[in-house]
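# Topology and contacts: notes
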Amino acid sequence: MRTIIAANWKMNKTRTEAKATAHELASILGGAPDDRDVVVFAPFTALEATREGLDGAPGIFVGAQNMYPAESGAFTGEISPAMLREAGCTWVLTGHSERRHVLGESPDFVGKKTAFALEQGFSVILCIGETLAERKAGKLNSILWLQLERGLAGLGPNADYSRLAVAYEPVWAIGTGQTASDEDIRMVHTLVRELLSSLLGSNGIGIQILYGGSVKPDNAKAILSLDNVDGLLVGGASLQAQSFADIVRADLA
Ligand code: PEP
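Residues numbered from 1 in each chain as written. Predicted model: local features only at pLDDT ≥ 70, side-chain atom pairs only at ≥ 80, totals over all residues. Heavy atoms only, no water.

As enumerated under the stated definition, the model contains 15 salt bridges in all. Notably, a salt bridge pairs aspartate 35 with arginine 36, separated by 3.1 Å at the nearest N-O pair. Sharing partners across several salt bridges, the network here consists of Asp35, Arg36 and Asp251. (Salt bridge = Lys/Arg side-chain N within 4 Å of Asp/Glu carboxyl O.)

Written as structure tokens, this is what we have:
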């Protein structure tokens, strides 16, 4: 199974900044290490500049942090698959906790986006994760089940599961510096693997499960070594090329 290491730049970086960071990343890495895919989820306005900065570095892809589930139309402020493709984008992120909790996206809407992005030929990372209040209320399993069940509900029998990955991102660990413990990550990733098998049968077996939540160069290697951790989704520590490159290579030294 290939390891996916993804950067989520969120609402950071102008075109100029994105191009410079992408260029620096490509210079440090040369390309993605053999067994892994590296993805940079840049802001819409910086997608093309990010692609230019990467300058064809093999195995490093550009992704969008969102996509509307329609080909075109009266959806003010939204972005379409054709627009993203033209900008050189091949990956899409769905269900990030900031879109669920800050922008109010429902599990069903996330599911529509996930299915549509796959149908449109993108590789997709579907993010799931519980809030601290949900965890304290003993709702971890039911929340992850709901987010996965609705998030994958629109995938038809011909869906290409090889282009789908899931990122487990506990909301309380995102941007807080508070990483989930190794035991927690191992336990939840095993649970996510079981939920994927129940929902998708044999189609669920090869789906990569990424961890996200305050990943840094100094904890990336340990997290990648845990069972059922097939990659990382990195926010804050991906904004600087050197720090993200160190994470990409964390367990290869
Ligand atoms: C994220 O934005 O998906 C994320 C995990 O952020 P951070 O690494 O900053 O916690």
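With the rule as written, the count across this model stands at four aromatic pairs. Site record: aromatic cluster; members linked through ring pairs are Tyr68, Phe75 and Phe109. Here lysine 13 stacks its cationic end above the ring of tryptophan 9, 5.2 Å away from the centre of that ring. (Phe/Tyr/Trp six-rings, centres within 6.5 Å; stacked < 30°, edge-to-face > 60°. Lys NZ or Arg CZ within 6 Å of the ring centre and 35° of its normal.)

Moving on, we get to the side chain of glutamine 65. Within the secondary structure layout, glutamine 65 lies in the loop between strand S3 (60–64) and helix H3 (81–86). Its relative accessible area of 18% is what places glutamine 65 among the buried residues. Among the polar contacts made by the side chain of glutamine 65, one reaches the main-chain carbonyl oxygen of lysine 10 at a distance of 3.0 Å. Side-chain polar atoms of glutamine 65 contact the backbone oxygen of phenylalanine 41, separated by 3.1 Å. (Helix = DSSP H or I, 4+ residues; strand = E, 2+ residues; numbered from the N terminus. Buried < 20%, exposed > 50% of the residue type's maximum accessible area, 1.4 Å probe, protein only. Polar contact = N/O pair within 3.5 Å; in protein donor to acceptor, adjacent residues only side chain to side chain.)

Once that is clear, we can look at the nonpolar core. Counting 71 residues, the largest nonpolar core has Leu84, Leu144, Leu148, Val192, Leu196, Tyr211 and Leu232 as its most contacted members. Once residues lying within four places of it in the same chain are set aside, the contact partners of leucine 232 are Ile4, Ile5, Ala6, Leu210, Tyr211, Val215, Ala220, Ile223, Leu224 and Ile247. (Core = buried A, V, L, I, M, F, W, Y, C linked by side-chain atoms within 4.5 Å. Contact = heavy atoms within 4.5 Å.)

Turning to the UniProt feature "active site" (unreviewed entry) in the chain, a few remarks are in order. UniProt tags His96 and Glu169 as "active site" (unreviewed entry). Considering the C-alpha atoms alone, the annotated residues occupy 74 residues of sequence yet fold into one spot, their largest mutual distance being 8.4 Å. Note that histidine 96 resides in the loop between strand S4 (91–94) and helix H4 (97–101). Given the relative accessible area of 6%, histidine 96 is considered buried. With near-sequence residues (within four places) excluded, histidine 96 lies in contact with Asn8, Lys10, Cys127, Glu169 and Ile174. (UniProt positions renumbered as here; feature names shortened; annotations may be inferred.)

Glancing now at helix H2 (residues 47–54). Every buried residue of H2 is listed here: Leu47, Ala49, Thr50, Gly53 and Leu54. Summarising the axial view, the buried residues of H2 lie within an arc of 165 degrees, below the 170-degree limit, and thus occupy one face. In this structure, the buried residues of H2 make contact with helix H1 (15–29), strand S2 (36–42), S3 and H3. (Arc of directions from axis to C-beta.)

This part is about the UniProt feature "binding site: substrate" (unreviewed entry) in the chain. Per the UniProt annotation, the sites labelled "binding site: substrate" (unreviewed entry) are Asn8, Trp9, Lys10, Gly175, Ser214, Gly235 and Gly236. A maximum C-alpha distance of 14.0 Å is found for the annotated residues, which run over 229 residues; spatially they form one tight group. For lysine 10, the location among the structural elements is in the loop between strand S1 (3–8) and H1. Once you skip the residues sitting within four places of it in the chain, lysine 10 turns out to touch Phe41, Pro43, Gln65, His96, Glu98, Ile174 and Gly235. Mapped onto the elements of the fold, serine 214 is located in the loop between strand S7 (208–212) and helix H9 (217–224). With near-sequence residues (within four places) excluded, serine 214 lies in contact with Ala173, Gly175, Thr176, Gly177, Gln178, Thr179 and Asn219. Polar side-chain contacts of serine 214 include one of 2.8 Å to the backbone nitrogen of glycine 177.

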